[in-house]
Amino acid sequence: MGDPNPAPRKCPTPCNTFFGSTVNSRSARVLFLLVAPGHLVFLYTINSLRGGHTTLTPIFITFYLVAALLQVMILLYLADWMVHWMWGRGMDPDNFSIPYLTALGDLLGTGFLALCFHMRWFIGDRDSDLGN
C-alpha cells in the first residue's frame, strides 16, 4: 500500500494541517468551517423541539461553539497525523484510525460539554428551570 499523498517523513504541524495547500488541508478547512453552522442548526432544533432541560443563553452558546470548534480542530489534526503514521506502517487508516478517532471524539465532546456546563455555573449563568 502506498500513500496517495506522499508527504515528507515528519510529523504534520497544525499549520500544515489547516493552512497548507494540499487537498487534505483544504478538506480540513471546509470541515472546520462547517462546525459552527451545523451546531447552530442543532441548537436551534433542540430549542424548537423543547428538548433538554437547559435554557440556551448567549453565554452557553458561545461556550458550546468554542468547545465544538476546539474538539473538531483536535480531531482533524490527530486524524491527519494518524493517517500519515498508519500509511507509513503499511496499515489501512480506514480500518484502524476510525475507532480511535470516534472514541476520542466521544471523550472530547463529553468532556468539553461538561466543561461548558461547569463554566456556565461558575460564572453565574444559572438556569431558571433547572435548579441548582
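Coordinates for the structure precede this section.
Before going into details, it helps to say that this report is about the structure given with it.

Calculation rules
- In every chain, residue numbers begin from 1 and rise along the written sequence.
- Confidence filtering applies because this is a predicted model: local features only for residues at pLDDT of at least 70, side-chain atom pairs given and counted only at 80 or more, and all residues used for totals across whole chains, interfaces and linings.
- Side-chain metrics rest on all non-hydrogen atoms present in the structure, leaving aside hydrogens and water.
- Only DSSP runs of H or I covering at least 4 residues are called helices, and only runs of E covering at least 2 are called strands; the numbering of each starts at the N terminus.
- Relative accessibility thresholds used throughout: buried, under 20% of the residue-type maximum; exposed, over 50%; partly exposed, between the two (1.4 Å probe, protein chains only).
- Working rule for contacts: check all heavy atoms of both residues, and any pair within 4.5 Å makes them a contact.
- With residues, only the protein chains shown are counted as cover, and all accessible areas are computed by Shrake-Rupley using a 1.4 Å probe.
- For this analysis, a nonpolar core means a set of buried residues of the types Ala, Val, Leu, Ile, Met, Phe, Trp, Tyr and Cys, connected via side-chain atoms within 4.5 Å.
- Angular values range over 0 to 180 degrees, each being the angle between N-to-C directions of two axes fitted as lines to C-alpha atoms, with helices fitted over their stretch in contact.
- The scheme is simple: roughly parallel for angles under 35 degrees, roughly antiparallel for over 145, roughly perpendicular for 65 to 115, oblique for anything else.
- In this scheme the crossing of two helices becomes right-handed for a clockwise turn of the near helix relative to the far one and left-handed for an anticlockwise turn of less than a right angle.

### Side note on the overall build of the protein chain
Consideration 1: Across its full length, the protein chain holds five helices and zero strands.
Consideration 2: Start at the N end of the protein chain and walk to the C end: the helices and strands fall as α-α-α-α-α.
Consideration 3: Every one of the 132 residues in the protein chain was classed for burial, and the buried ones make up 24%.
Consideration 4: Residue pairs in contact within the protein chain that sit at least 24 positions apart in sequence constitute 72% of those at least 6 positions apart.
Consideration 5: Of the roughly 9100 Å² of accessible surface on the protein chain, a fraction of 69% belongs to carbon and sulfur atoms.

### A look at the nonpolar core
Consideration 1: Of all hydrophobic cores here, the largest spans 13 residues; its most connected members are Tyr 64 and Leu 101.
Consideration 2: Counting residues per element, the ones that place at least two in this core are helix H4 (58-88) and helix H5 (93-122).
Consideration 3: Aside from chain neighbours lying at most four places away, what touches Tyr 64 is His 39, Phe 42, Leu 43, Leu 113 and Cys 116.
Consideration 4: Phe 18, Ala 28, Val 35 and Ala 68 belong to the second largest nonpolar core, which has six residues in total.

### So, the packing of helix H3 (residues 35-48) against H4
Consideration 1: At a closest axis distance of 10 Å, the pairing of H3 and H4 adopts a crossing angle of 135°. Classified by the interaxial angle, the pair formed by H3 and H4 is oblique. H3 and H4 meet at a crossing whose hand is right-handed. Residues Val 35, Ala 36, His 39, Leu 40, Phe 42 and Leu 43 of H3 lie in contact with H4, whose contacting residues are Ile 61, Tyr 64, Leu 65, Ala 68, Leu 69 and Val 72.

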